[in-house]
Amino acid sequence: MNHTETLQQLQQITGLTFSIVELTEGHEPWLPQVNQEQGRRESFIYEHQIFFPKRASAGAELAFVIDEQQLSPRERRLVDAWLDGVPGHGDASGDLEDDEEGRMRRLGRWALEQSILDEDQRVPHQLRLDQQFQTAMVPLLLTGEGLHSGQVNYALLQRFLNSYFGGVVMLIPLEDQEWFILAEEELVVGAEDERDTNTAEQMEEVLTAFALGLYELVASEWVGVFHIAVGKSITPLVELPRTVSLLRETIHLGRIFHVTEHIHLPWELSLERMIYSIPDEQRKFFVKHAGNQSAMFEDAETLTTLETFFQMDCNVSETAKRLYVHRNTLIYRLDKIKQETGLDVRTFNDAVLARLILLLYKVTKSK
């Protein structure tokens, strides 16, 4: 698409009038706006006008320009995101991002923008692969920490995922060391007739097992710390930004409330999500007034005991097995907690209260 066609489409979409100018030395402020990592140019404000840079075919630097007052900050970000998806716009070398990785990176930038703005938008036509985006697909989010630069590149990870899933999957880079994965439902949970016989609980177990298998393979292949979140099937055309937001939030909450775990599931974090939504001052107030009840979590043994006890649905025998201690030893620990805090976690009301205090303590200490 040439710059004239882009201008016409931009004006049709926004209902506003833009002009085209050639960037000269008098517009030097635009130079620092180049995003070196992504190889693209972002908008900037100069003399009360917003400039959206574009490289012309002859190599000259052009920009779509509009008065600063015509666009709100939100609208400006949306125009930036839209132009990012236009072939030939914003590429620092003048080459089109027509390869698969380039297309997926543009899609990732758009999805992140929409998820941050909390917009529920359909994938723009120029960013979608129609057939794939209208079929049911299982979403996963993979994040890494402490990876060496270039250790996990797009091509290598794509081949790895295709091999694991047994078919072609979509790999959408988001931020550094963060990848959104879409796999056809059949590759993950089996043929349609098999899926129809599964209950919701069985489907969750299948997704959990699949994510765990992927994590173990990734962790054995590369050096670093990885986290994986998996969601239930979506139709990417209409649910992509919302799902990106959900799985990013899921990993964020999982790392706060379940620091030893690497597989994070949205349907298991409902209480954590509610606790996290409480304003910070109110959380601190509650923890402060819990007094010695919150102090019990500062002891590592007590913390581990309670976390395991709640994971085992307050079952004493199963908790003792998981902790590799005698049942009487566990009962002694629970009695000690009752003596020091007044909470008998073997009763429903006290268990609920202790669980809430534990979650509030975790999120407060993470700040």
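Above this note sits the structure.
Residues numbered from 1 in each chain as written. Predicted model: local features only at pLDDT ≥ 70, side-chain atom pairs only at ≥ 80, totals over all residues. Heavy atoms only, no water.

Asks: For unusual backbone geometry, give the residues involved together with the corresponding values.
Replies: Here Glu47, not a glycine, exhibits a phi torsion of approximately 50°, which is positive. As for its position among the elements, Glu47 is in the loop between β4 (44-46) and β5 (49-55). Unusually for a residue other than glycine, Cys314 sits at a positive phi of about 60°. Its location among the elements puts Cys314 in the loop between α13 (300-311) and α14 (316-323). The partly exposed category is assigned to Cys314, whose relative accessible area is 31%. (Helix = DSSP H or I, 4+ residues; strand = E, 2+ residues; numbered from the N terminus. Buried < 20%, exposed > 50% of the residue type's maximum accessible area, 1.4 Å probe, protein only.)

Asks: Can you lay out the pattern of salt bridges for me, pointing to particular residues and giving the numbers?
Replies: All told, the structure shown has 17 salt bridges when counted by the stated rule. For Arg248, the salt bridge is made with Glu175, and the minimal N-O distance between the two is 3.3 Å. With Arg248 in helix α9 (residues 236-257) and Glu175 in the loop between β8 (170-173) and β9 (178-184), this residue pair connects regions lying 73 residues apart in the sequence. A salt bridge links Glu178 to Arg248; its shortest N-O distance comes to 2.8 Å. Taken as a pair, Glu178 in strand β9 and Arg248 in helix α9 lie far apart in primary sequence, 70 residues in all. For Glu178, a relative accessible area of 9% gives the class buried. (Salt bridge = Lys/Arg side-chain N within 4 Å of Asp/Glu carboxyl O.)

Asks: An account of the nonpolar core is needed here, citing residue identities and associated values.
Replies: Leu107, Leu161, Phe165, Phe180 and Leu240 are the most contacted members of the largest nonpolar core, which has 52 residues in total. The dominant element in this core, judged by the number of residues it contributes, is helix α8 (residues 200-221), at seven residues. Setting aside its immediate chain neighbours within four residues, Leu240 contacts Leu107, Trp110, Ala111, Val123, Phe133, Phe180 and Leu182. (Core = buried A, V, L, I, M, F, W, Y, C linked by side-chain atoms within 4.5 Å. Contact = heavy atoms within 4.5 Å.)

Asks: Before we move on, could you go through the layout of surface pockets and cite the residues and values that matter?
Replies: By rolling a water-sized probe across the atoms, one finds the places where empty space is left. Volume-wise, the largest pocket comes out at about 620 Å³. Contributing to the lining of the largest pocket are 25 residues, with His258, Glu268, Phe310, Gln311 and Arg355 lying nearest its centre. For the lining of the largest pocket, the elements supplying multiple residues, two or more each, are α9, β11 (263-264), α10 (270-277), α13 and α16 (348-366). Per element, the largest residue contribution to the lining of the largest pocket is seven residues, and it comes from α16. Looking at the lining of the largest pocket residue by residue, the classes come out as 13 nonpolar, four polar and eight charged. (1 Å grid on protein atoms, 1.4 Å probe; cavity = no way out; pocket = protein on both sides within 12 Å on 5 of 7 lines; lining within 4 Å. Points joined across faces, edges and corners; volume = space filled by probe spheres on them. Nonpolar A, V, L, I, M, F, W, Y, C, P; charged D, E, K, R; others polar.)

Asks: How would you sum up the packing of α9 against α10? Please name residues and give values.
Replies: Between α9 and α10, the shortest axis-to-axis distance is 10 Å and the interhelical angle comes to 85°. Judged by the angle between their axes, α9 and α10 are roughly perpendicular. Contact residues: Leu246, Glu249, Thr250, His252, Leu253, Ile256 and Phe257 in α9; Glu272, Arg273, Ile275 and Tyr276 in α10. For the contact of α9 with α10, the residue count by class is six nonpolar, two polar and three charged. (Axes fitted to C-alpha atoms, helices over the stretch in contact; angles between N-to-C directions. Parallel < 35°, antiparallel > 145°, perpendicular 65-115°, else oblique.)

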